[in-house]
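# Commentary on secondary and tertiary structure
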Amino acid sequence: MSFLSIVETVDSFKKTDAFYTLLDHKGSVPLGYIDPTIVKLLQSESAFVTNNESKTIAIGSKFDTMEKRNEMLAEVADRWRKIPELDERLNKGWRNELFVIYNPSKTEYAHMERAFSVLLGVVTYGCHINGYVPPELSSNGKLKLYIPRRSKTKSTFPGMLDNTVAGGLGYPHGLETTVIKECFEEAGLQEDFVRKNIKSTGVVSYFYQTDDGRAEPEVEYTYDLIIKEDEAHLIKPQDGEAEDFQLMSVEEVLERLKNKEFKPNCGLVIIDFLIRHGFITAENEPDYLEIVSRCHVRFPFPTR
């Protein structure tokens, strides 16, 4: 089978007239796409200016500094936590973690609670790390991957397979700090070990549409982490995110992918890994070009 169907599940956003565009305080730069449920809520907020004709909602012009925007967004987000219909989407997903919006690109424009940012359809960022045994270090000469199973108590995709380590890029942490932090929090891997064995391998981007209709443009920075078979004992679940870790052959990983047992965006990151390591190629994958293209989507919004 083609792996395109897995990528299509992740790069799935289809913009309709029901979505409004979130604009900056000058009313000129698009920052995200807002789904109809959230549009109705924002239309009642005095801090935002709605234009139904252009299908836009702008941050009010008086919020002309980052400090003012941060304060306003924090106040709205905290107040929305008490709205019953947002309990699942906002309150239960609340992380006390800030994500950054950029405008213009590479320039910080606002910080907002992670769970609130996804309601506004802005670009979010994270890092995904594939721990693996390369063929030359493998006991049977075949590549293997360390695959965790998500806790059954997770609020999203409980019990599904995941990348070895993954986490959001929260303010004020940079990529290196986030990688080190997440490797310890999720897998118990010490900083010295991670620094010696990790390699930055690129980035994927996709435009996801959630089951409840939200727009989620996401950027995930990817890393490969060599963990030898006799070092498997170093992996110890710490924060309850993962039930356990299994060392799977690449053949088993391919089969689990086909069965769609991976959390959707983690499946896409695995596909990117398998492309980079030569297991998915233009010769054996009929939709190779489309897959590669849809793992690297450009957004109509400023980015970091």
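Bear in mind the structure is a predicted one, so any value in this text is a computation, not a measurement.

Conventions used here
Residues numbered from 1 in each chain as written. Predicted model: local features only at pLDDT ≥ 70, side-chain atom pairs only at ≥ 80, totals over all residues. Heavy atoms only, no water. Pairing = 2+ DSSP bridges. Helix = DSSP H or I, 4+ residues; strand = E, 2+ residues; numbered from the N terminus. Axes fitted to C-alpha atoms, helices over the stretch in contact; angles between N-to-C directions. 1 Å grid on protein atoms, 1.4 Å probe; cavity = no way out; pocket = protein on both sides within 12 Å on 5 of 7 lines; lining within 4 Å. Points joined across faces, edges and corners; volume = space filled by probe spheres on them. Nonpolar A, V, L, I, M, F, W, Y, C, P; charged D, E, K, R; others polar. UniProt positions renumbered as here; feature names shortened; annotations may be inferred. Parallel < 35°, antiparallel > 145°, perpendicular 65-115°, else oblique. Left-handed = near helix turned anticlockwise from the far one by under 90°. Contact = heavy atoms within 4.5 Å. Phe/Tyr/Trp six-rings, centres within 6.5 Å; stacked < 30°, edge-to-face > 60°. Buried < 20%, exposed > 50% of the residue type's maximum accessible area, 1.4 Å probe, protein only. Salt bridge = Lys/Arg side-chain N within 4 Å of Asp/Glu carboxyl O.

Turning to the sheet that holds strand E3 (residues 48-51), a few remarks are in order. Spatially, four strands are ordered E2-E1-E4-E3 in an open sheet, and the strand pairing comes out mixed. One side of each edge strand has no neighbouring strand; the edge strands of this open sheet are strand E2 (30-34) and E3. Geometrically, the sheet is characterised by an average inter-axis angle of 25° between neighbouring strands, direction not taken into account. Pairing of E3 with strand E4 (residues 56-59) involves four bridges; the strand directions are antiparallel. From the neighbouring strand, Asn51 faces E4, where its bridge partner is Thr56.

Inspection of the entire model under this criterion finds one cavity of 30 Å³ or more. In this structure, the largest cavity occupies an estimated 40 Å³ of space. Every residue lining the largest cavity is listed: Leu31, Val100, Ile101, Tyr102, Val122, Val123, Tyr125 and Pro302. No other element matches the three residues that strand E5 (residues 98-102) contributes to the lining of the largest cavity. A class-by-class count of the residues in the lining of the largest cavity yields eight nonpolar, no polar and no charged.

Turning to the UniProt feature "domain: Nudix hydrolase" (unreviewed entry) in the protein chain, a few remarks are in order. Cross-referencing UniProt, the feature "domain: Nudix hydrolase" (unreviewed entry) maps to residues 111-270 in the present numbering. Secondary structure content for residues 111-270 is 25% helix and 35% strand, and the end C-alpha separation is 30 Å.

Time to look at the packing of helix H8 (residues 250-258) against helix H9 (residues 264-276). Think of two packed helices as two axes; the pair is described by the angle between the axes and how far apart they sit. At a minimum axis distance of 11 Å, the contact between H8 and H9 shows a crossing angle of 140°. It follows from the interaxial angle that H8 and H9 lie oblique. The two elements H8 and H9 cross, and the hand of that crossing is left-handed. Of the residues in H9, those in contact with Val250, Val253, Leu254 and Leu257 of H8 are Gly267, Ile270, Ile271 and Leu274.

Position of Gly126 relative to the elements: it lies in strand E7 (residues 124-133). For the pair Gly126 and Phe99, spaced 27 residues apart in sequence, the C-alpha separation works out to 9.9 Å. The residues touching Gly126, leaving out its near neighbours within four places in the chain, are Gly167, Gly168, Leu169, Val219, Glu220 and Tyr221.

Bringing the packing of aromatic side chains into the picture now. Scanning all chains against the criterion turns up ten aromatic pairs. Plain terms: the ring middles of Phe13 and Phe19 are 5.1 Å apart, the flat faces sit at 85° to each other, and that makes the pair edge-to-face. Centroid distance Tyr33 to Phe301: 5.0 Å. Interplanar angle 75°. Geometry classified as edge-to-face. On the criterion of sequence distance, the pair formed by Tyr33 in strand E2 and Phe301 in the segment after helix H10 (288-294) is long-range, its members being 268 residues apart. Grouping residues by exposure puts Tyr33 and Phe301 together as buried.

On to the pattern of salt bridges. Inspection of every chain in the model, using the stated rule, returns 25 salt bridges. Between Arg294 and Asp11 there is a salt bridge, with the nearest N and O atoms lying 2.9 Å from each other. Linking Arg294 in helix H10 with Asp11 in the loop between helix H1 (4-10) and strand E1 (20-23), this pair joins segments that are 283 residues apart in sequence. When the shortest N-O distance is used, the salt bridge between Glu251 and Lys142 registers 3.9 Å. Taken together, the positions of Glu251 in helix H8 and Lys142 in the loop between E7 and strand E8 (144-150) put the pair 109 residues apart, joining distant regions of the chain.

Another point: the layout of surface pockets. By volume, the largest pocket is sized at about 1400 Å³. Around the largest pocket, the lining comprises 49 residues; the ones closest to its centre are Arg95, Arg114, Arg150, Thr156 and Lys263. Taken together, the residues of the lining of the largest pocket break down into 14 nonpolar, twelve polar and 23 charged.

Let's shift gears to the environment of Asn52. In this fold, Asn52 is placed in the loop between E3 and E4. Judged by relative accessible area, which is 48%, Asn52 ranks as partly exposed. The sequence separation of Asn52 and Leu120 amounts to 68 residues, and the corresponding C-alpha distance is 17 Å. Setting aside anything within four residues of it in sequence, one finds Asn52 in contact with Tyr20 and Gln43.

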